[in-house]
Amino acid sequence: MKVLIVFAHPEPRSLNGSLRDVAVRELEAEGHEVRVSDLYAQGWTSEVGRADFPLLPPDARLAPAAASKQAFESGTLTADVKAEIEKLLWADVLILQFPLWWFSMPAILKGWVDRVFAYGFAYGVGEHSDKRWGDRYGEGRLAGKRAMLIVTAGGWQEHYSARGINGPIDDLLFPINHGILYYPGYDVLPPFVVYKADKLDEAGFQATAERLRERMRTLATTSPIPYRRQNGGDYLIPSMRLRAGLEHSGATSFALHVEQVEARSPMGETSSVHSTAEGCAATA
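Because the structure is a prediction, the values reported are computed rather than measured.

J.: Outline the environment of Asp198, listing residues and values.
T.: By the secondary structure assignment, Asp198 is in the loop between strand 6 (192-194) and helix 7 (202-217). Residue Asp198 is classed as exposed on the basis of its relative accessible area, which comes to 72%.

In structure tokens, the structure reads:
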């Protein structure tokens with residue numbers, strides 16, 4: 001497979017940097033082709049601005065979506081954006097790797113999404129009618145490809161549990177997994193999350209690195225998060241509301257958009273899927 005890692009950490013000697021190197025080495029050892037977009041090293045421009053749209057007249061009002069569509073269709077997106085789009089088209093798997101800063105991705109990575117996921121490429125595609133509402137949420141230009149997150153967090157795993165003060169990690173990552181990756185069609189794999197990142201000792205790092213190696217070895221076989229397809233019949237169109245009676249018992253909010261499936265744990269136990277994140281505590 002061809003794997004693109006979009007890496008967003010300013011320090012190459014960080015835990016994230018070490019984990020990136022572990023992932024790259026394991027992927028290459030498995031025979032995969034790997035490319036890395038190191039956003040800080042590349043000096044990535046995160047802000048969307050007039051410079052992104054060369055065809056826009058100087059006195060014209062900037063409407064980013066419309067300008068993005070025009071630039072994509074005319075082939076006038078900037079060279080840095082075009083290069084990243086080519087990498088996305090090349091890759092079978094996209095990995096976004098970042099530290100969890102203020103409950104989200106670093107601004108530089110969000111800016112990568114803002115600029116690279118252009119109108120006509122990642123969104124705004126497909127038929128809009130009373131039967132379909134575009135090619136999105138399970139369909140789109142990136143359908144058939146896989147994606148996942150590698151995330152480090154400073155807090156404890158318990159802090160990000162269902163009753164944890166920070167909120168469930170699945171909920172915090174839902175806007176990225178569902179709203180950024182699933183939207184243009186990716187099959188989204190469960191995220192790989194490292195907790196207590198600043199407290200990880202050598203033994204903890206070695207255990208975490210081995211778990212990451214295993215995830216890299218199973219990229220092609222890991223079951224994706226079972227998000228509901230927008231145009232698969234579960235949603236009323238055009239209101240895009242989930243049809244009554246499809247939710248599993250007790251499901252609310254983001255969980256409504258994940259189908260109830262049974263999964264087998266590493267210990268061989270079968271249970272309903274509620275949490276998708278693979279946590280790696282410092283003592284793991």
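J.: Report on unusual backbone geometry, specifying residues and quantitative values.
T.: With glycine set apart, most residues show a phi of negative sign, and most peptide bonds adopt trans. A cis amide bond links Ile237 to the next residue, Pro238, at an omega of 15°. Assignment of secondary structure puts Pro238 in the loop between strand 7 (235-236) and strand 8 (241-242). Positive phi, normally seen in glycine, also occurs at Trp102, with a value near 50°. By the element assignment, Trp102 lies in the loop between strand 3 (93-99) and helix 5 (107-116). On the basis of relative accessibility, which here comes to 80%, the residue Trp102 falls in the exposed class. Phi is positive for Tyr137, which is not a glycine, with a value near 50°. Within the secondary structure, Tyr137 sits in the loop between helix 5 and strand 4 (146-152).

What counts, and where the lines are drawn
Along each chain, numbering runs from 1 in the same order as the chain's sequence is written. pLDDT decides what is reported in this predicted model: residues at 70 or higher carry local features, side-chain atom pairs at 80 or more are listed and counted, and totals for whole chains, interfaces and linings draw on all residues regardless. Each side-chain value is derived from all of the structure's non-hydrogen atoms; neither hydrogens nor water enter the calculation. Only DSSP runs of H or I covering at least 4 residues are called helices, and only runs of E covering at least 2 are called strands; the numbering of each starts at the N terminus. With a 1.4 Å probe rolled over the protein chains alone, any residue whose accessible area is under 20% of its type maximum counts as buried; one over 50% counts as exposed, and the rest are partly exposed.

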